[in-house]
Amino acid sequence: MDEELERWARAWQSMEVKHVNIMKHSQTAHRHEAMWQGVLAVGVGLGVLMVAITLSLLAAGKLSERWPLPIQLLSLALGGWILWRSRQQAALARARLVATPLGFVTDLMGLRERELAGWVDKRGLLPGGVLISATIAICVARLARDRAAGEPHPFVEGLMGLELLFLVAFVIFGIRRVRYLRRDLATLRELRSELEPER
Amino acid sequence: MVDIEQVLTEFRPVLGRTAATYAPPGSDRDDLLQEIYLALLSALPRYRGESSLRTYVLRVAHNCGIRRVARRRSAATPLDEGDHASPAPGPDREAQARQDVERLSTAMRELPLGARQVLVLTLEGLSQREIGQVLGIEENVVSVRLHRARSLLRERSSEAAKARGAGHG
């Protein structure tokens, strides 16, 4: 190390690091994170259960009494899978942190690219949109018919309304997420070019 | 198995300075520091001694810094708030020293990421081989980046000094 670097190093290492009990703060944050994971699990569980109840009530009324159980089991399996995936993603994120900076950025880019592709993939969006629209239309038509016949289902109608609200929120979230992902990808490309070895 | 609490205590100054490479003083830096500690709380139990502990800890810390830079740039924040804020006043010499260090860290935050990392790791006393291990690059690349970082830092420091001179005059 020459004189200039030594001077800089002395100045740099003399930096005062604010003495806060970061360890305590971090442990609290760690606990909060764990708590939020629990809240997320309960939220996903409730959401899935609501979908299951709505579908079961609709199916039980018009189809057969054997329908509700498989639908609820399927919904629970779906909820379990969502939670398992989120755990897996958290583990991957932890593993990513110990990669080299270039590897870390490249990995993040891959992750963002996959997510973006998932959000804007026409092969998934189109059938999904048609399926959801058709399901909603059928449910609304059936509920309207029952109401006209003097047999309203206020509980199911309430759940249906709530699900529509969730759907709208999901669409808004999707649009914002796509915008964010595009911006983030551009930033990550920029960072990668700063980290790539000079040629 | 490493003693996490002991490692975090031992590396506290290095981690604080690493956070200063990516975030201006204030709550932003504290947040980043906390993020680094959180990341280490998750990463340290998986340390198996494949590299030195210092390399491992610094890698995690710099990756947290990169994540913060990415978030800031994606949010289109042109300049970090408080980036040019003066440190708290104190006795003359002490305040001057603090100002010099803060100027140095501000100038470092303006360097391109690759050059910045090499410079800060050099100032932390790591050898070129160790820097190569932390960043996953060849030693000759470390040397090229260090040279570039030094000229950029000199350039920026003299520009800043001129600007301060003009401000006072």
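Data block above holds the structure.
Rules used throughout
Residues numbered from 1 in each chain as written. Chains lettered and ligands numbered in written order. Predicted model: local features only at pLDDT ≥ 70, side-chain atom pairs only at ≥ 80, totals over all residues. Heavy atoms only, no water. 1 Å grid on protein atoms, 1.4 Å probe; cavity = no way out; pocket = protein on both sides within 12 Å on 5 of 7 lines; lining within 4 Å. Points joined across faces, edges and corners; volume = space filled by probe spheres on them. Nonpolar A, V, L, I, M, F, W, Y, C, P; charged D, E, K, R; others polar. Helix = DSSP H or I, 4+ residues; strand = E, 2+ residues; numbered from the N terminus. Buried < 20%, exposed > 50% of the residue type's maximum accessible area, 1.4 Å probe, protein only. Polar contact = N/O pair within 3.5 Å; in protein donor to acceptor, adjacent residues only side chain to side chain. Contact = heavy atoms within 4.5 Å. Salt bridge = Lys/Arg side-chain N within 4 Å of Asp/Glu carboxyl O. Expected span 1.5 Å × (residues − 1). Axes fitted to C-alpha atoms, helices over the stretch in contact; angles between N-to-C directions. Parallel < 35°, antiparallel > 145°, perpendicular 65-115°, else oblique. Left-handed = near helix turned anticlockwise from the far one by under 90°. Buried area = accessible area lost by both parts, 1.4 Å probe.

Draft legend 1. Geometry of empty space enclosed by the protein. As enumerated under the stated definition, the model contains one cavity of 30 Å³ or more in all. Roughly 40 Å³ of volume is contained in the largest cavity. As for the largest cavity, its lining consists of Pro101(A), Leu102(A), Leu195(A), Gln117(B), Leu135(B), Ile137(B) and Arg145(B). Classifying every residue of the lining of the largest cavity by side-chain character gives five nonpolar, one polar and one charged.

Draft legend 2. Spotlight on the side chain of Glu130(B). Residues and elements named next belong to chain B. Secondary-structure assignment places Glu 130 in helix α7 (residues 128-135). Taking relative accessible area as the criterion, Glu 130 reaches 19% and is therefore assigned buried. From its side chain, Glu 130 meets the backbone nitrogen of Ser 127 in a polar contact 3.0 Å long. Beyond its immediate stretch of four places on either side in the chain, Glu 130 contacts Arg 54 and Gly 125.

Draft legend 3. Structural view of the pattern of salt bridges. Under the counting rule described, the total for this entry stands at 17 salt bridges over all chains. One salt bridge connects Arg150(B) with Asp2(A), and the closest N-O pair in it is separated by 2.6 Å. Here Asp2(A) lies in the segment before α1 (3-13) and Arg150(B) lies in helix α8 (residues 139-168), a pairing that spans two chains. The partner of Arg68(B) in a salt bridge is Asp28(B), with the nearest N and O atoms 2.5 Å apart. Highlighted residues: Arg68(B) in helix α4 (residues 53-74) and Asp28(B) in helix α3 (residues 27-43), separated in sequence by 40 residues. In this structure, Arg68(B) and Asp28(B) share a single accessibility class: buried.

Draft legend 4. Region of the structure containing α3(B). Taking 1.5 Å as the rise per residue, α3(B) with 17 residues should run 24 Å; its terminal C-alpha atoms sit 24 Å apart, in good agreement. By the criterion of burial, α3(B) is predominantly enclosed, with 13 of the 17 residues buried.

Draft legend 5. Inspection of the packing of α3(B) against α4(B) at higher detail. Residue and element names in this part refer to chain B. As a packed pair, α3 and α4 sit with axes 9 Å apart at the nearest point and diverge in direction by 135 degrees. Viewed along their axes, α3 and α4 adopt a mutual orientation that is oblique. Here α3 and α4 pass one another in a crossing that is right-handed. Contacts between α3 and α4 involve Asp 28, Leu 32, Glu 35, Ile 36, Ala 39, Leu 40 and Ala 43 on the former and, on the latter, Tyr 56, Val 57, Val 60, Ala 61, Cys 64, Gly 65, Arg 67, Arg 68, Arg 71 and Arg 72. Split by residue class, the contact of α3 with α4 holds ten nonpolar, one polar and six charged.

Draft legend 6. Structural detail: the interface of chain A and chain B. Counting residues at the interface gives 44 residues for chain A, matched by 57 residues for chain B. Between chain A and chain B, the buried area comes to about 4600 Å², and carbon and sulfur atoms account for 65% of it. One can count five salt bridges joining chain A with chain B. Put simply, Glu4(A) and Arg154(B) hold a salt bridge, and the shortest N to O gap is 2.6 Å.

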